[in-house]
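Chain residues, written in single-letter form:
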Amino acid sequence: MAELDDIIHQPLRLKIMAALNALPAGVGLEFARLKKLTGATDGNLGAHIETLAKAGYVQVDKAFVGKKPQTTVTATAAGRGAFARHVATLQEIIAGKQG
Amino acid sequence: MIDSKQAADAMADIDDTVRRVRQSLIYQVSSLALLMWGVLAFVGNIAGWLWPRYGLYFWISIYTVSIVGFLAIGAYHRSRNRIRVFDIRYLLTFLLIVAFGIFVCYFGHFTPRQQTAFWPIYIMLFYMMAGVWFGYAFLVIGATIIALTLIGYFYIPGISLLLWMAVVNGGGLTLGGLWMRRS
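Residues numbered from 1 in each chain as written. Chains lettered and ligands numbered in written order. Predicted model: local features only at pLDDT ≥ 70, side-chain atom pairs only at ≥ 80, totals over all residues. Heavy atoms only, no water.

Novice: Help me understand the UniProt feature "transmembrane region" (unreviewed entry) in chain B in this model?
Specialist: Residue and element names in this part refer to chain B. Mapped onto the present numbering, the UniProt feature "transmembrane region" (unreviewed entry) falls on residues 29-50, 56-76, 88-109 and 121-154. In residues 29-50, the share of helix is 100% and the share of strand is 0%. The end C-alpha atoms are 32 Å apart. Strand forms 0% of residues 56-76 and helix 100%; the C-alpha atoms that close the span are 30 Å apart. (UniProt positions renumbered as here; feature names shortened; annotations may be inferred. Helix = DSSP H or I, 4+ residues; strand = E, 2+ residues; numbered from the N terminus.)

Novice: I keep staring at the sheet that holds strand S1 (residues 29-30) of chain A and nothing clicks. Help me out?
Specialist: Strand pairing in a sheet relies on backbone hydrogen bonds. The paired strands run either parallel or antiparallel. All names here are of chain A. As summarised here, the arrangement of the three strands in space is S1-S3-S2, forming an open sheet in which the pairing is antiparallel. The open sheet is flanked by S1 and strand S2 (58-65), the only strands paired with a single partner. Note that S2 and strand S3 (residues 68-75) share eight bridges and pair antiparallel. Looking across to S3, one finds that valine 65 is bridged to lysine 68. (Pairing = 2+ DSSP bridges.)

Novice: Could you clarify how one ought to interpret the packing of helix H1 (residues 4-50) of chain B against helix H6 (residues 160-182) of chain B in this entry?
Specialist: How two helices sit against one another is set out by the angle between their axes and by the gap between those axes. All names here are of chain B. Contact pair H1 / H6: the axes reach a minimum separation of 7 Å and the direction vectors enclose 165°. By the angle between their directions, the pair H1 and H6 is classed as roughly antiparallel. Two packed elements cross with a definite hand, and for H1 against H6 that hand is left-handed. Taken together, the residues that form the contact of H1 with H6 break down as 17 nonpolar, eleven polar and one charged. (Axes fitted to C-alpha atoms, helices over the stretch in contact; angles between N-to-C directions. Parallel < 35°, antiparallel > 145°, perpendicular 65-115°, else oblique. Left-handed = near helix turned anticlockwise from the far one by under 90°. Nonpolar A, V, L, I, M, F, W, Y, C, P; charged D, E, K, R; others polar.)

And the structure:
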């Protein structure tokens, strides 16, 4: 029986992973765009990205574009795999195979 | 473990986020196309106002430049996001839209003034269709430009209509592009 991923299951982290997973592998989202897409606040989003980064699910890259700092978040291969398993488990629960 | 209702809510959250990401990508690419067309429409109308006899040549040149512009936007977007947004099908679609517009103008025996109003209204029809599928911004931009074009057609006399169109078509597309970039 598959288990839900506790790290991904938190609502905001689920949205972050869903947003990053919707992009081609290796393509990330800028912090500001991710904030807009998930409707999160700066602090909240930063904290949850850190949790996902510690688990190895996302990679965080910081760079300067002109004089402005820019943070880009990208789902790792491990993150994509964990997200796919999490979604499969949710679908099993909905289908009544678990829960 | 969660129940099926909670799992369905989580899946709905995922679907909504994926929809937002896709819309955001469409808006990113479209905003560049709108900004490009805002400048081209402004230039085309002003040039037509200054040298009315050469209007047809200006617009043929502008449509040619726009095809090159679409290819450049596609290449730029692909280098950033690794997503192919324009290919030969889009070019063919664009050419079919233009060909049908020429067909209508020819068989309708449109006057230059009617053509000035027809082309933006015709193109904005496709924006409004895009709005039904990809996001309300297209719908708002299309409806606004159509309304302003009709106001100009009925109330702005003579060749001054081209100045009006430079502002509402060129300006409208530019503002629409900037709005989409922020959405």
